[in-house]
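Chain residues, written in single-letter form:
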Amino acid sequence: MEESVFAEQTTRLVSDLKFPNLLPPNPVIKILIAFCKNDPVFEALVNASHRLSLEPTFVKSAESAIDAFQNPSSGGHHIIIVDARYPRTIEAEALGRSIRNSKGSQHTTMVAVVKKSVFEKDDTAVISLLDVGYNRCIIESPHVSICSSELRQIQHSLVRPQNVISTQQALYTALHRSREAVIITDDTLRAQYANRASERVLNMKLDEIVGRSLSDLVTADISNILSHTSRYKDYDGYLTTRRKSQESSQIHVRAVPVSCIGRNPTHLVLILESSSSALVSTNAIGEALQTLPQGKEVPRGSLHSIRRGSFDVRSIASDGLRRTSLAKLSSLPLEAPITKVLSLLAQVQENCSLDEAKLLDRVMEFLKREGLYSPQMKEIRTEDPVATDLIGALLTQGPTNILSSRRSSNDSIIRGGGRPSTGSIVFNKTKESSQLSDLLQTALDWDFEIFKLEDLTEKRPLVCLGLELFRRFDVYNTFNCDEMTFKLWLIEMEKHYHSENTYHNSTHAADVMQATAVYLQQLSNRELKIMDRMDEATALIAAATHDIDHPGRSSAFLCNSDNTLALLYNDICVLESHHAATTFRLTLGDDKINIFKHLDRDMYKLARSIIVDMILATEMTRHFEHLAKFVSVFGTDVESKDPLPPDNDDNQILVRRMLIKCADVSNPTRPLKFCVEWARRIAEEYFMQTDEEKRKNLPIVMPMFDRTTCSISKSQIGFIEYIIHDMMDAWNSFIEMPEIIRYMEFNYSQWKLFEEQGINTLSDIKRKQMSLTEDTASSISLEEKF
């Protein structure tokens, strides 16, 4: 018996030797069996594996299964069998997602063993297992013969075809590295694949080619190609490329029909060659460009495989928009030298020749590089103490006793000790779990019920919401890391948020992460192609940890009290530096939660630089600097979607910074009931700081936040007027989310009404919240109010 099986293993099938002609591997099949206990079903599978001369590995938990599969020397199993009968011991769905999100799992066959009753009742459980990545579900059986039959069928129907498919990756690699441009289309000439050389011939990025019809890429009539290839004839001819802002070029095309299923052609292989004149033109342009100053290069490592390439978002702004953005800069409560220079150049540009105007355009673009914006306050209304206190405090670093009403992560300190460990989060199959599932379905709604999530998760919302958002934005695949590692990472991050804080706790982190996700979704909907998968993943990670280990005291308090962190960071960007450092110290300190462990060195360095930069961007002393740069580059009205040169990363950095800044202080742009609750929480946190300063005889950083005299309504009015309004106006113009402006204007009018009505103390706000909870019409019928 064993000899016959061995002969079968080593003898190649006829089908293996035909299409493609690359011989597939035929190794001894490795099988991973994950069972929580050694019952008769397990014993039958073990004996069946030995009978078929398979190479088995046995584990008893989901964590062990992931570790075994990812083991570089003994992992990479061809078949994984998971006991799905006891979800409390091995959560089969979570394990399936984790395996599928592991590097190299795309060709692994996954099988779930389920109870017979599951098949007899309904197919819901089976469908859910298939949806997360299992290839097949089999009924539990203690009989070795039945298990052997199942494994043999799996081997022939799933494992062998997967071996052939996996081998074809070598062909795709060769094709991708080929110097000859190749595009594979379906039978309607819609591109399904394009190799790297096609970028050069068509002067387009791969993501601009794949998914589009050939008629969108060329100006010629493509019906001749279809008429030839539909009769199994090759096509040989010339086409003219279609490309904005580029001279048209003629290319030679050979189209070969291919039938993958059935008899009719299902795909066309297009081989493209530039004409000699086009090549000469391209070389001449390339030589000319080499004489021009080049932008900085950022090492990307292997990121090319998943990053779409950066786009210079400057082309989004037209000449008219540039004038609008300069006018907007003049209206801001600041003035930097670079702003004056840009205004003067714009005036000169209006009265010069076309060639001179183009040269000035180049000069102005260089002036918009990072590091040239260091604003100073212009003269503001001295009779308005709220404006003076807010802007003055935000532009001041180090020890201070200037009034402040800010609410971002800049104004917090770090004290020793976090929340004790709570272990993994497990929710019982109750009414609450059903409510939680329904709530997470709305995770990308702007009116997402964050405080309901806080209640349902017992003040641990970051793990649940984080896993949901990571899943939606395909973060697991982007990082080549399993879901279990991300879950443990989120648990550890949430442990280091201080639940005793009324504002800067894990609910705030979850809220900022949710706002970030909505912004990312909106950018994706607009197809601006600014944020690729790595940008999205790192943005969500930065949002989740941007205030980690934050106990709710201001940066000035930290410096005034001679805290060790203030000494460590020289009173400069103390909190944000600590948040970023804590994120990486915790993540890299434990391999079980190291979400970066499967990134290569260059990819990790890129991810780290993005995360650190975004966390540091939440430091508010540079608020006006970031805003001025954003407005000068993008203006206040965005209409064009033309992509930009791929070598400019400055604008992508600017967008990421503005995104997390707007997410961090998005409270005034949420429905009123949320806005009021966040205002109450931040006021209580500031009140506690003032109380402590009085007790310790320290300088009082924010005298207006004295619980006996503070007007919460007035502080919110000033915060919206001088910090939120201009920033959200510019951000809305960029991403086109009018609801944030409608909510902001409505909330602003309500805070003014509250102030007129004398609703300004903490107790007043709490009483007002009761009526807001009962009446949600204010957040639903905004369209009727404007």
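Residues numbered from 1 in each chain as written. Predicted model: local features only at pLDDT ≥ 70, side-chain atom pairs only at ≥ 80, totals over all residues. Heavy atoms only, no water.

Looking at an unreviewed UniProt entry, one finds the protein named 3',5'-cyclic-AMP phosphodiesterase and attributed to Anopheles merus. Entered under Pathway (unreviewed entry) in the UniProt record, the comment concerning the protein runs "Purine metabolism; 3',5'-cyclic AMP degradation; AMP from 3',5'-cyclic AMP: step 1/1." (UniProt positions renumbered as here; feature names shortened; annotations may be inferred.)

**Remarks on the overall build of the protein**
Per the secondary structure count, the protein includes 35 helices and ten strands. Burial statistics for the protein: of 786 residues in total, 54% are counted as buried. In the protein, the share of contacts with a sequence separation of at least 24, taken over all contacts with a separation of at least 6, comes to 73%. (Helix = DSSP H or I, 4+ residues; strand = E, 2+ residues; numbered from the N terminus. Buried < 20%, exposed > 50% of the residue type's maximum accessible area, 1.4 Å probe, protein only. Contact = heavy atoms within 4.5 Å.)

**Comments concerning the UniProt feature "binding site: Zn(2+) 2" (unreviewed entry) in the protein**
What UniProt calls "binding site: Zn(2+) 2" (unreviewed entry) maps, in this numbering, to Asp547. Looking at the secondary structure, you find aspartate 547 in the loop between helix 23 (533-545) and helix 24 (555-560).

**Remarks on the sheet that holds strand 2 (residues 55-59)**
Strand order across the open sheet formed by five strands is 2-1-3-4-5, with parallel pairing between neighbours. On the outer flanks of this sheet lie strand 2 and strand 5 (136-139), each paired with one strand and no other. Put simply, the sheet's adjacent strands are angled 20° from each other on average, direction ignored. As paired strands, strand 1 (residues 30-34) and strand 2 are joined by five bridges and run parallel to one another. Paired with leucine 32 across the strands is threonine 57, a residue of strand 2. (Pairing = 2+ DSSP bridges. Axes fitted to C-alpha atoms, helices over the stretch in contact; angles between N-to-C directions.)

**A look at helix 28 (residues 623-634)**
In this model, helix 28 (twelve residues) spans 16 Å end to end at C-alpha, consistent with the 16 Å of a helix rising 1.5 Å per residue. The buried count for helix 28 comes to twelve of twelve residues, which makes it a mostly enclosed element. Those residues of helix 28 lying buried are His623, Phe624, Glu625, His626, Leu627, Ala628, Lys629, Phe630, Val631, Ser632, Val633 and Phe634. A positive phi of about 70° marks glycine 635, the residue just after helix 28. (Expected span 1.5 Å × (residues − 1).)

**Topic: the nonpolar core**
One broad trend across soluble globular proteins is that nonpolar side chains are buried collectively. Counting 121 residues, the largest nonpolar core has Phe470, Phe479, Tyr519 and Trp731 as the members making the most contacts within it. Among the elements that line this core, the one with the most residues is helix 31 (residues 712-735), at twelve residues. Apart from residues lying up to four places away in sequence, tyrosine 519 is in contact with Trp446, Leu659, Cys662, Ala663, Ser666, Met728, Trp731, Ile735 and Met737. (Core = buried A, V, L, I, M, F, W, Y, C linked by side-chain atoms within 4.5 Å.)

**Details of the packing of helix 30 (residues 672-695) against helix 32 (residues 738-756)**
The contact between helix 30 and helix 32 brings their axes to 10 Å, and the two run at 60°. The orientation of helix 30 with respect to helix 32, classified from their angle, is oblique. Both helix 30 and helix 32 take part in a crossing whose hand is right-handed. Counted together, Leu672, Cys675, Val676 and Ala679 of helix 30 and Phe746, Asn747, Gln750, Trp751 and Phe754 of helix 32 form the full contact between these two elements. A class-by-class count of the residues in the contact of helix 30 with helix 32 yields seven nonpolar, two polar and no charged. (Parallel < 35°, antiparallel > 145°, perpendicular 65-115°, else oblique. Left-handed = near helix turned anticlockwise from the far one by under 90°. Nonpolar A, V, L, I, M, F, W, Y, C, P; charged D, E, K, R; others polar.)

**Some points on the pairing of strand 3 (residues 79-83)**
Counting buried residues along strand 3, five of its five residues qualify, which places the element largely inside the surrounding structure. The two faces of strand 3 match: Ile79, Ile81 and Asp83 on one face and Ile80 and Val82 on the other face are all buried. The sheet contact formed by strand 1 and strand 3 spans four bridges and is parallel. Counted as the bridge partner of leucine 32 is isoleucine 80 from strand 3.

**Brief notes about the packing of aromatic side chains**
In this description, a pair of aromatic rings is defined by centroid distance and the angle of the planes. In this structure the tally under the stated criterion is 25 aromatic pairs. Their ring planes at 65° and their centres at 5.6 Å tell us that tyrosine 172 and tyrosine 193 sit as a pair that is edge-to-face. Here the residue tyrosine 172 occupies a position in helix 7 (residues 144-177), and tyrosine 193 occupies one in strand 7 (residues 191-194), the gap between them amounting to 21 residues. The class of tyrosine 172 is partly exposed, set by a relative accessible area of 41%. When the centroid spacing of 5.8 Å and the interplanar angle of 45° are considered together, the rings of phenylalanine 479 and phenylalanine 596 count as tilted. (Phe/Tyr/Trp six-rings, centres within 6.5 Å; stacked < 30°, edge-to-face > 60°.)

**So, helix 2 (residues 40-51)**
Between its terminal C-alpha atoms helix 2 stretches 16 Å, which fits the 16 Å expected from twelve residues at 1.5 Å a residue. Burial in helix 2 covers these residues: Val41, Phe42, Ala44, Leu45, Val46, Ala48 and Ser49. Its buried side turned inward, helix 2 meets strand 1, strand 2, strand 3, strand 4 (109-114) and helix 7. Backbone geometry just after helix 2 places serine 53 at a positive phi near 60°.

**A few points about the confidence of the model for the protein**
Mean pLDDT over the protein: 78, with 75% of residues reaching 70 or higher. Below a pLDDT of 50 lies the segment residues 777-786, which in the model reaches twelve contacts outside its immediate sequence neighbourhood of four places, other chains included. (pLDDT = per-residue confidence, 0-100.)

**So, the pattern of salt bridges**
Following the criterion strictly, the structure yields 28 salt bridges and no others. A salt bridge links glutamate 483 to arginine 97; the shortest N-O distance between them is 2.5 Å. Of this pair, glutamate 483 sits in helix 21 (residues 483-495) while arginine 97 sits in helix 4 (residues 92-100), and the two are 386 residues apart along the sequence. Glutamate 483 gets classed as buried once you look at its relative accessible area, which sits at 10%. As a salt-bridge pair, lysine 597 and aspartate 591 come within 4.0 Å of each other at their nearest N and O atoms. (Salt bridge = Lys/Arg side-chain N within 4 Å of Asp/Glu carboxyl O.)

**Observations concerning the side chain of serine 102**
Mapping serine 102 onto the fold places it in the loop between helix 4 and strand 4. What makes serine 102 buried here is its relative accessible area of 5%. A distance of 2.9 Å separates a polar side-chain atom of serine 102 from the backbone oxygen of serine 98. Each residue touching serine 102, except ones within four places of it in the same chain, is listed here: Phe69, Gln70 and Asp482. (Polar contact = N/O pair within 3.5 Å; in protein donor to acceptor, adjacent residues only side chain to side chain.)

**Focus on the side chain of serine 213**
Topologically, serine 213 is positioned in the loop between helix 9 (206-209) and helix 10 (214-217). Judged by relative accessible area, serine 213 falls into the buried class, the value being 10%. A distance of 3.0 Å separates polar atoms of two side chains, one belonging to serine 213 and the other to serine 215. Not counting residues up to four positions away in its chain, the partners in contact with serine 213 are Leu189 and Arg190.

**Considerations on the environment of lysine 752**
With respect to the helices, strands and loops of the structure, lysine 752 is situated in helix 32. Judged by its relative accessible area of 35%, lysine 752 is partly exposed. Along the backbone, lysine 752 and serine 713 are 39 residues apart, and their C-alpha atoms lie at a distance of 7.0 Å. With near-sequence residues (within four places) excluded, lysine 752 lies in contact with Ile717 and Glu721.

**Brief notes about the environment of arginine 656**
With respect to the secondary-structure elements, arginine 656 resides in helix 29 (residues 650-664). Each C-alpha atom, one on arginine 656 and one on threonine 538, is 9.8 Å from the other, the two residues being 118 residues apart in sequence. Beyond its immediate sequence surroundings of up to four residues, arginine 656 is in contact with Met531, Asp535, Ile610 and Met614.

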